[in-house]
Amino acid sequence: MTKWKWNFTRSVGMRAPLLICILVLTLLPLLVQARFMSGFFRKSRIEESMIEAQNKCLMLANRMRSSDYINGALSNTGNPSLDAELNVTADLFNGRIVVIDSSYRIIRDTFEVAKGRFCVVEEVLKALDGESGSRLNEEKDYFYLTLPIYGKADAPGAGGKKPEGDPVEGALLMTASTESVALLVENVNHRAGFFQLLLACLVAAADFFAVAQLLKPFKRLSQQLGLVAEGNLDQEIEVNDYLETRDISGSVRETIRRLKDVDQSRQEFVSNVSHELKTPITSIRVLADSLMAMEDAPVELYREFMVDISDEIDRENKIIDDLLTLVKMDKSSPDLNISSASVNALLEQILKRVRPIAKKRNIELIYESIREVTADVDEVKLSLALTNLVENAVKYNHEDGWVRVILDADHKFFYVKVIDNGVGIPEEFQSKVFERFYRVDKARSRETGGTGLGLSITKSIVMLHQGAIKLLSREGDGTTFTVRIPLNYIP
Ligand code: ADP
């Protein structure tokens, strides 16, 4: 069992199966045709010989009738010229001719061995009844013919048929070997075999050459792919000889392009992370250095600087936390804790948490629940995603502004809309805000403690729930984020 499996899973080169297929498809018809032609030639030669023998025998039977051969033989008068002709005809066909009278007695045998004996076989009986017959025995390589011999006064009809009421005086039986035909066919086959072998060799060589030519584009493609596999991502992949190689080249080029993009975005991410992590540390260093530089700094100043240092540490912590959240989300199989939860309760909790921050800037927080929604979600992650949206709506808002959170659902999805009348996002930045570390207004984001990771975390969480997130905004007018998530989680 294992052995079979091993055999099946082993890869073979394309050349061998292709060559075998082409060889079989070209040589097989050649062999079948040769075999068919040889059989056809043999059969037609035998049929020709039988027809010739039949005509000859018919002529002999007619001459026997006109020379009253049977009665002559019975009365011992004989007919030497006809006898000689019987011998010649028998020799011509490499056979034997026997003449039988109406009482089944053999009156003439070209082999001179059975004269006077009786011959009562079905074919002779039929011939004496006026019916001609013939049969070919292919296995033993011979055929025989039987013909009626009519009386002198009677005239046989066409094909040796007896006219109504005419007496049949005897029968002519001829047996002839077809071995010579078999020998001839064998001879022809032998000669043709040599040419067939030559032709087969030529066809095989042509097939071999054709397969090598046909596989060349694949070989080229494989060489190019080999260079890519060695790490040369700039290697050009372009083999357009066949549609298949063109498609493969296209797919590989696209894959390489994406790989390069991923590589580039990874590099950007790493440099962004380093930069973001360095910023609070640099601030801490500046604060600490300036404190140390002052000889008699008052305690109040120390306290003030320490508060700033603590804020920077908080910021550093937040960046690290957000980064860890993102990394967890980026895993190939992130841990999702799906359970049936009330989305209304979840939103109420979020709003309760954000309300004190909103209150500080006199921002009104309005919650509209159009219906009760229970859905299969990861409560903790979804809560984080929606909190980011609501917090952003407050953060990027004016004093005395408002934020509306609307929950609705249909039979398949639930929808959460977070609408604000804040600063809005200029159109040219709208496609970028979901990117990691992207901030429209860096200073404002920093002021509000933003890391630039909130929206990308939100988007990842929504995607994990097989949902979608849409942004609609106009600079100065406000922003609407719409999240759509299936009510039933589809793994
Ligand atoms: P941050 O931590 O800076 O808030 P986010 O990823 O949450 O990072 O948001 C990215 C950027 O998108 C923000 O810096 C801000 O410029 C913009 N943004 C997000 N939400 C809003 C909003 N409701 N109104 C205006 N701008 C927004």
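The structure presented is a predicted model; accordingly, all values stated were derived computationally and were not measured. (Residues numbered from 1 in each chain as written. Predicted model: local features only at pLDDT ≥ 70, side-chain atom pairs only at ≥ 80, totals over all residues. Heavy atoms only, no water.)

Requested: an account of unusual backbone geometry, with residues and values cited.
Phi at D68 takes a positive value of approximately 50°, unusual for a residue other than glycine. As for its position among the elements, D68 is in the loop between α2 (15-66) and α3 (69-74). Positioned with a positive phi, N362 is a non-glycine residue whose angle comes to about 60°. With respect to the helices and strands, the residue N362 is situated in the loop between α9 (343-360) and β7 (364-369). (Helix = DSSP H or I, 4+ residues; strand = E, 2+ residues; numbered from the N terminus.)

So what about the sheet that holds strand β3 (residues 133-137)? Which residues, and what values?
Sheet architecture is open: 5 strands sit in the order β2-β1-β5-β4-β3, paired in antiparallel fashion. On the outer flanks of this sheet lie β2 (106-109) and β3, each paired with one strand and no other. Neighbour to neighbour, the strand axes of the sheet diverge by 15° on average, direction disregarded. With 7 bridges joining them, strand β1 (residues 95-101) and strand β5 (residues 168-177) adopt antiparallel strand pairing. (Pairing = 2+ DSSP bridges. Axes fitted to C-alpha atoms, helices over the stretch in contact; angles between N-to-C directions.)

Give a detailed account of helix α7 (residues 243-293), specifying residues and quantitative values.
Here α7 is 51 residues long and its end C-alpha atoms lie 73 Å apart, about the 75 Å a rise of 1.5 Å per residue gives. At T279, α7 shows its maximal kink, close to 25°; a proline, P280, follows between one and four residues later. Turning to α7, its buried residues number three or more, namely T245, S249, V252, I256, F269, V273, E276, P280, S283, L287 and L291. The inward-facing, buried residues of α7 contact α6 (179-229), α8 (299-330) and α12 (442-447). (Expected span 1.5 Å × (residues − 1). Bend = angle between axes of the 7 residues up to and from the residue. Buried < 20%, exposed > 50% of the residue type's maximum accessible area, 1.4 Å probe, protein only. Contact = heavy atoms within 4.5 Å.)

Explain the sheet that holds β7 to me, using residue names and the numbers behind them.
On the basis of which strands lie adjacent, the open sheet formed by 5 strands has the order β7-β9-β10-β12-β11 and mixed pairing. Every interior strand has two partners, whereas the edge strands, β7 and β11 (468-474), have only one. Here the strands of the sheet are splayed against their neighbours by 10° on average, with no regard to which way each runs. The sheet contact formed by strand β9 (residues 402-409) and strand β10 (residues 413-420) spans 7 bridges and is antiparallel. In the sheet register, V405 faces β10, and the bridge partner there is V418. The strands touched by α9 are β7, β9 and β10; relative to β7, the strand with the most contacts, the crossing angle is about 175°. Strands β7, β9, β10, β11 and β12 (478-486) of the sheet are contacted by helix α10 (residues 379-395), whose axis makes an angle of about 25° with β10.

A description of α6 should follow, citing residues and the corresponding values.
Look at α6: 69 Å from first C-alpha to last across 51 residues, which is about the 75 Å you get at 1.5 Å a residue. Looking at the buried residues of α6, the elements they touch are α2 and α7. Downstream of α6 by a residue or two, G231 has a phi angle that is positive, lying close to 110°.

Would you mind going over a nonpolar patch on the surface in detail, with residue names and values included?
Together, F194, F195, L198, L199 and L202 make up an exposed nonpolar region whose accessible area comes to about 540 Å². Position of F194 among the secondary structure elements: in helix α6. (Patch = residues over 30% accessible without salt bridge, like charges linked within 9 Å, V, L, I, M, F, W, Y side chains within 5 Å. Areas by Shrake-Rupley, 256 points an atom, 1.4 Å probe, with all protein chains shown as cover. Salt bridge = Lys/Arg side-chain N within 4 Å of Asp/Glu carboxyl O.)

Tell me about the site of the ligand, and name the residues and values.
Taken together, 22 residues lie around the ligand, and N392, Y396, S445, T451 and L455 are the ones closest in. Between N392 and the ligand, the recorded distance is 2.8 Å, taken from a side-chain N or O atom to an oxygen atom. G454 places a polar main-chain atom, nitrogen or oxygen, 3.3 Å from an oxygen atom of the ligand. Here the ligand loses 98% of its free accessible area of 530 Å² to cover by the protein chains. Among the secondary structure elements, those contributing two or more residues to the shell around the ligand are α10, α13 (454-464) and β12. (Near = heavy atom within 4 Å. Polar contact = N/O pair within 3.5 Å; in protein donor to acceptor, adjacent residues only side chain to side chain.)

Summarise the packing of α9 against α10; cite the residues concerned and give the values.
Interaxial distance between α9 and α10 falls to 10 Å at its minimum, and their mutual angle equals 35°. Handedness of the α9/α10 crossing: right-handed. On α10, the residues that touch L346, L347, I350, L351, R353, V354 and A358 of α9 are E379, L382, S383, L386, T387, V390, E391 and V394. Residues that form the contact of α9 with α10 fall into these classes: 10 nonpolar, 2 polar and 3 charged. (Left-handed = near helix turned anticlockwise from the far one by under 90°. Nonpolar A, V, L, I, M, F, W, Y, C, P; charged D, E, K, R; others polar.)

Now, about the domain arrangement of the protein chain: what can you tell me, with residues and values included?
One can read the domain layout of the protein chain as domain 1 (16-183), domain 2 (243-328) and domain 3 (333-486). Summarising the inter-unit geometry, the C-alpha centres of domain 1 and domain 3 are found 107 Å apart. (Domains from an automatic or database assignment.)

Go over the packing of α6 against α7 with me, naming the residues and quoting the values.
Geometry of a packed helix pair, given as the angle between the helix axes and the separation of the axes. The interhelical angle for the contact between α6 and α7, taken along N-to-C directions, is 10°, at an axis separation of 11 Å. Taken together, the axis directions place α6 and α7 in an arrangement best described as roughly parallel. Here P217, F218, L221, L225 and V228 of α6 come into contact with α7, specifically with T245, I248, S249, V252 and I256. When the residues that make up the contact of α6 with α7 are grouped by side-chain class, the tally is 8 nonpolar, 2 polar and no charged. (Parallel < 35°, antiparallel > 145°, perpendicular 65-115°, else oblique.)

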